Amino acid sequence: TVFNKFLIFRAAFSLLSACGLGPTPPTHFYILEAAHQMSPNDTIHAAKKTVIGVGPITIPTLLDRKQIVTRSEQNTVQIAEFHQWAEPLKTNIIQVLTKNLAAHQAKSIIRVYPWSAYGSVNYRVIIEIDRFDTRPGHSVNLEARWSIMDEKSHAVIKSMQTQIEHPLADSSYPGSVKALNVALYEFSQKLSLALDQLR
């Protein structure tokens, strides 16, 4: 009968609860944020400014997922099922880099890849991120190879590798995301200095 089925379901639920398989923990979502926002004046006299495109950008397959990945000891990683990025990590990174560069490059217009809808660019910054993670209790790490290319001649003007590592004081997920944000901002500064040398 329906009543008997209800009793069986209730007994099964009680058994699962007793075994520690209770309600699923809530999922927490995180996002990287730019250190500065572009002011409206940044677009004045746009025709006189150098146009710089940021992208394409690549990240390791390991990181190209919604779950936040942290490194552990003995070549292992932790994939956090209940701590996730609110949007694709690659998309979030390129948005933050673009906004950070726009804040530093007042004499330039910064476009995010793909920029075809906005016309051409003078230079493009191509970025390959090899590492962007934290080791709880140890450090935050960003490793990237990047190049600046003249869009007209397709000649590589500058090609560099950047390694950023800082102690990680707060190993919580909010603390780790904040540390990754700081590393991404420092990377933005290095890119900006390289772009300054083009003038």
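Structural data are supplied above this passage.
Chemist: Any chance you could explain unusual backbone geometry here in plain terms?
Modeler: Glycine aside, the phi torsion of most residues is negative, and most peptide linkages are trans. With omega at 5°, the peptide bond leading from G55 into P56 counts as cis. Inspection of the secondary structure assignment puts P56 in strand β2 (residues 50-58). Of note in this structure, Q74 is not a glycine but carries a positive phi near 60°. On the secondary structure map, Q74 appears in the loop between β3 (67-71) and β4 (77-85). Take Q74: its relative accessible area is 75%, and that puts it in the exposed class. Although it is not a glycine, N75 sits at a positive phi angle of roughly 60°.

Chemist: How do you make sense of the sheet that holds strand β6 (residues 123-135) when you look at a structure like this?
Modeler: Hydrogen bonds between backbone atoms are what pair the strands of a sheet, whose relative direction is either parallel or antiparallel. Here 5 strands make up an open sheet; going across it, the order is β5-β2-β6-β7-β8 and the pairing mixed. The open sheet is flanked by β5 (108-112) and β8 (155-167), the only strands paired with a single partner. Across the sheet, the axes of successive neighbouring strands diverge by a mean angle of 20°, strand direction being ignored. Examined bridge by bridge, strand β7 (residues 139-150) and β8 share 12 bridges and lie antiparallel to one another. Counted as the bridge partner of E143 is Q163 from β8.

Chemist: What's the story with the sheet that holds strand β1 (residues 28-30) in this structure? I'm lost.
Modeler: The strand order β1-β4-β3 describes an open sheet built from 3 strands, whose pairing is mixed. Both edges of this open sheet fall to β1 and β3, since each of them pairs with a single strand only. For this sheet, the mean inter-axis angle between neighbouring strands, taken without regard to orientation, is 60°. The sheet contact formed by β3 and β4 spans 5 bridges and is antiparallel.

Chemist: It is not clear to me how the pattern of salt bridges should be interpreted in this structure. Could you clarify?
Modeler: Here the idea is simple: oppositely charged side chains can pair when their charged atoms come close. Under the defined criterion, the tally for this structure stands at 6 salt bridges. Taking the shortest distance from any N to any O, the salt bridge between R71 and D133 comes out at 2.8 Å. Taken together, the residues R71 in strand β3 and D133 in strand β6 connect sequence positions 62 residues apart. Residue classification places D133 among the buried positions, given a relative accessible area of 3%.

Chemist: In this structure, what is going on with the packing of aromatic side chains? I would like to understand it.
Modeler: How two aromatic rings sit relative to each other is set out by the distance from centre to centre and by the angle between their planes. Summed over all chains, the structure comprises 1 aromatic pair. Aromatic side chains Y113 and W115 sit 5.4 Å apart centroid to centroid with 75° between the ring planes, which places their arrangement in the edge-to-face category.

Chemist: Honestly, the nonpolar core in this entry has me stumped. Any pointers?
Modeler: Nonpolar side chains in soluble globular proteins tend to be buried together. Among the nonpolar cores identified, the biggest contains 39 residues, and L32, I93, I127, F132, L184 and F187 are the most heavily contacted of them. Of all the secondary structure elements, the ones that give two or more residues to this core are β2, β3, α2 (89-104), β6, β7 and α3 (173-196). No other element matches the 9 residues that α3 contributes to this core. Not counting the four nearest positions on each side in its chain, F132 is found in contact with L32, L63, L89, I93, N141, L142, L180 and L184.

Chemist: Help me understand the packing of α2 against α3, please; the structure alone is not making it clear to me.
Modeler: A pair of packed helices is characterised by two quantities: the angle between their axes and the separation of those axes. Interhelical geometry of α2 versus α3 gives an angle of 50° and a closest axis separation of 9 Å. It follows from the interaxial angle that α2 and α3 lie oblique. As for how α2 packs across α3, the hand of that crossing is right-handed. Where α2 abuts α3, its residues I93, V96, L97, N100, L101 and H104 lie against L184, Y185, F187, S188, Q189, L191, S192 and L195. Along the lines of polarity and charge, the residues of the contact of α2 with α3 split into 9 nonpolar, 5 polar and no charged.

Thresholds, definitions, all that
What you see as residue numbers is a count from 1 along each chain, following the sequence as written. Under the rules for a predicted model, residues below a pLDDT of 70 receive no local features and side-chain atom pairs below 80 are neither given nor counted, while totals for whole chains, interfaces and linings still include all residues. Think of the side-chain values as coming from all heavy atoms in the structure, minus any hydrogens and water. Here a strand is any run of E in DSSP of at least two residues, a helix any run of H or I of at least four, and the numbering for each starts at the N terminus. Only protein chains enter the accessibility calculation, which uses a 1.4 Å probe. A residue is then buried if its area is under 20% of the maximum for its type, exposed if over 50%, and partly exposed in between. Two strands pair under a simple rule: DSSP has to find at least two bridges between them. Axis lines are fitted through C-alpha atoms, for helices just across the contact stretch, and the angle between N-to-C directions can take any value from 0 to 180 degrees. The salt bridge definition used is simple: a Lys or Arg side-chain nitrogen within 4 Å of an Asp or Glu carboxyl oxygen. Here the aromatic set is Phe, Tyr and Trp, taking the six-membered ring for Trp, and pairing holds for ring centres within 6.5 Å; pairs whose planes are under 30 degrees apart are stacked, those over 60 apart are edge-to-face, and all others are tilted. For our purposes a nonpolar core is just a set of buried Ala, Val, Leu, Ile, Met, Phe, Trp, Tyr and Cys residues, chained together by side-chain atoms within 4.5 Å. We call two residues in contact whenever any of their non-hydrogen atoms come within 4.5 Å of each other. Angles are sorted into four bins: roughly parallel if under 35 degrees, roughly antiparallel if over 145, roughly perpendicular if 65 to 115, and oblique for all others. Each crossing is labelled by how the near helix is turned from the far one, with a counterclockwise turn of less than a right angle marking it left-handed and a clockwise turn marking it right-handed. Only Asp, Glu, Lys and Arg are considered charged, only Ala, Val, Leu, Ile, Met, Phe, Trp, Tyr, Cys and Pro nonpolar, and every remaining residue, Gly among them, polar.

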